[in-house]
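A closer look at the structure
Here is what each chain is made of, one letter per residue.
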Amino acid sequence: MKKIGILGSTGSIGTQTLDIVRNNPADLSVTALAAGSNINLLEAQIREFRPQYAAMWNEEAANELRIKVADTPVKILSGMAGLIEVSTVPEIEMLVTAIVGMIGLRPTIEAIKAGKDIALANKETLVTAGHLIMPLVKKKGIKFLPVDSEHSAIFQSLASAKHDTIKQIILTASGGPFRGKSAHELAGQTKADALRHPNWTMGQKITIDSATLVNKGLEVIEAYWLFGVTAEQIKVIIHPQSIIHSMVEFIDRGIMAQLGTPDMKLPIQYALFYPERKPLQGESVDFLAAKALTFEEPDLDTFKGLPLAFSALAAGGSMPCVYNAANEKAVSLFLEEKIGFLQIYELIAGGMAKHKVILNPSVEDILAAELETYNYINEKLMRKV
């Protein structure tokens, strides 16, 4: 029986992780859950899975939850201290980091220090602090397993291959809802338009990131740290069918790819049970129905999220944090319908242009760069009002 904790249990990855727990009651149990502010769903999860600990980022929400579940033995925590406590309780063997945003950074670091295996679904952790995380993972000797479908595909494709046999990593992207559109056409796209992903059912933030190709940019930076390759060894191609989740080409020109339907439960379950494989309910790929798998070059002139990511990676240090923070703030504003779609790119580029790189940033430096970027965007918008 593997005991797990989940940061972000009420989100898309978190709820799908709990589906896997529900289907494997003899193999998995939940020791700790954490969420942002969804009181009702977290209460339901507490009553079903009976964790020992639960935390909410929002203090008021935690107080309300504490009253609602007073008839259970669960310990309710809140804020950053609460997230760190649920991430480091002695009983937990693996922590699923599915919480969105930079608030996942400190709990993940503390969980690694405490010797917990990590199933990583929080992009910000590696994008902003890969230079801190990967040496710590090596030092503690823990399992650090990617949940993102593309990185899981790469991890599976590498299997027992040696690092020096990798020629290139090929990240696939669906192209999102706006594939093939021009910059002129993108200017008029609304929040509702951007949330209509053709293949995947995801949270709002990651769906917008898919539309801008920023999601793929974040994945490039993650792959750089996860697999120890150079930026030049990472290639992105558009694969509209989302059946090939990513590939690895080796020095002998052989290519290994991981294929499957667009279903996040596969990479989640793979991480939870690694190196074993367990049965998973759902549809398999029907190649006869698919008929063709197609590939395209990404339009880097229109979808600037991807080239901006490579620029951030080339600058190094604190610049990927600024790229991530500017996008996070810009997407939030777009979802609030305060800016247009193309302004997301403008705000990312502006934040990066303004930032002075710190080459080997501490956690404090990273958080300061995030705040600096938020302040820049807030001031820029205030000047326009």
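Since we're looking at a predicted model, the values are computed, not measured.

1. So, the overall build of the protein
Each helix and strand in the protein was counted, giving 17 helices and 11 strands. In terms of overall size, the protein behaves like a compact globule, its C-alpha atoms giving a radius of gyration of 20 Å where 385 residues would be expected to give roughly 21 Å. Considered along the principal axes of its C-alpha atoms, the protein spans approximately 55 × 55 × 40 Å. Counting across all 385 residues of the protein, residues that qualify as buried make up 54%. Taking the contacts inside the protein whose residues are at least 6 apart along the sequence as the reference set, 69% of them involve residues at least 24 apart. Accessible surface for the protein amounts to roughly 16800 Å². Of this, 53% is attributable to carbon and sulfur atoms. Averaging the locations of the 38 positively and 42 negatively charged side chains of the protein gives two centres separated by 2 Å.

2. Digging into the packing of helix α2 (residues 39-49) against helix α3 (residues 59-68)
The contact between α2 and α3 brings their axes to 10 Å, and the two run at 40 degrees. Here α2 is positioned oblique relative to α3, judged by the angle of their axes. Considering how the two elements wind past one another, α2 and α3 form a crossing that is right-handed. In contact with I39, N40, L42, E43, I46 and R47 of α2, α3 contributes A61, E64, L65 and K68.

3. Some words on the nonpolar core
I133, F144, Y323, F341 and I344 are the most contacted members of the largest nonpolar core, which has 83 residues in total. Of all the elements, helix α15 (residues 319-335) adds the most residues to this core, at 10 residues. Ignoring anything within four residues of it in the chain, the contact list for F144 reads I112, I118, L120, L126, I133, M134, V137 and L226. Grouped together as the second largest cluster of nonpolar side chains are 34 residues, L33, I46, V96 and A119 included.

4. Side note on the environment of N23
In this fold, N23 is placed in helix α1 (residues 12-23). With a relative accessible area of 49%, N23 lands in the partly exposed category.

5. Remarks on the side chain of T172
Position of T172 relative to the elements: it lies in strand β8 (residues 166-173). The class of T172 is buried, set by a relative accessible area of 4%. For T172, the contacting residues outside a window of four places in its chain are E150, K216, I237, H239, I244, H245, S246 and M247.

Cut-offs used in this document
- Residues numbered from 1 in each chain as written.
- Predicted model: local features only at pLDDT ≥ 70, side-chain atom pairs only at ≥ 80, totals over all residues.
- Heavy atoms only, no water.
- Helix = DSSP H or I, 4+ residues; strand = E, 2+ residues; numbered from the N terminus.
- Rg over C-alpha atoms; globule rule 2.2 N^0.38 Å.
- Buried < 20%, exposed > 50% of the residue type's maximum accessible area, 1.4 Å probe, protein only.
- Contact = heavy atoms within 4.5 Å.
- Areas by Shrake-Rupley, 256 points an atom, 1.4 Å probe, with all protein chains shown as cover.
- Lys, Arg positive; Asp, Glu negative; His and termini not counted.
- Charge placed at Lys NZ, Arg CZ, Asp CG, Glu CD.
- Axes fitted to C-alpha atoms, helices over the stretch in contact; angles between N-to-C directions.
- Parallel < 35°, antiparallel > 145°, perpendicular 65-115°, else oblique.
- Left-handed = near helix turned anticlockwise from the far one by under 90°.
- Core = buried A, V, L, I, M, F, W, Y, C linked by side-chain atoms within 4.5 Å.

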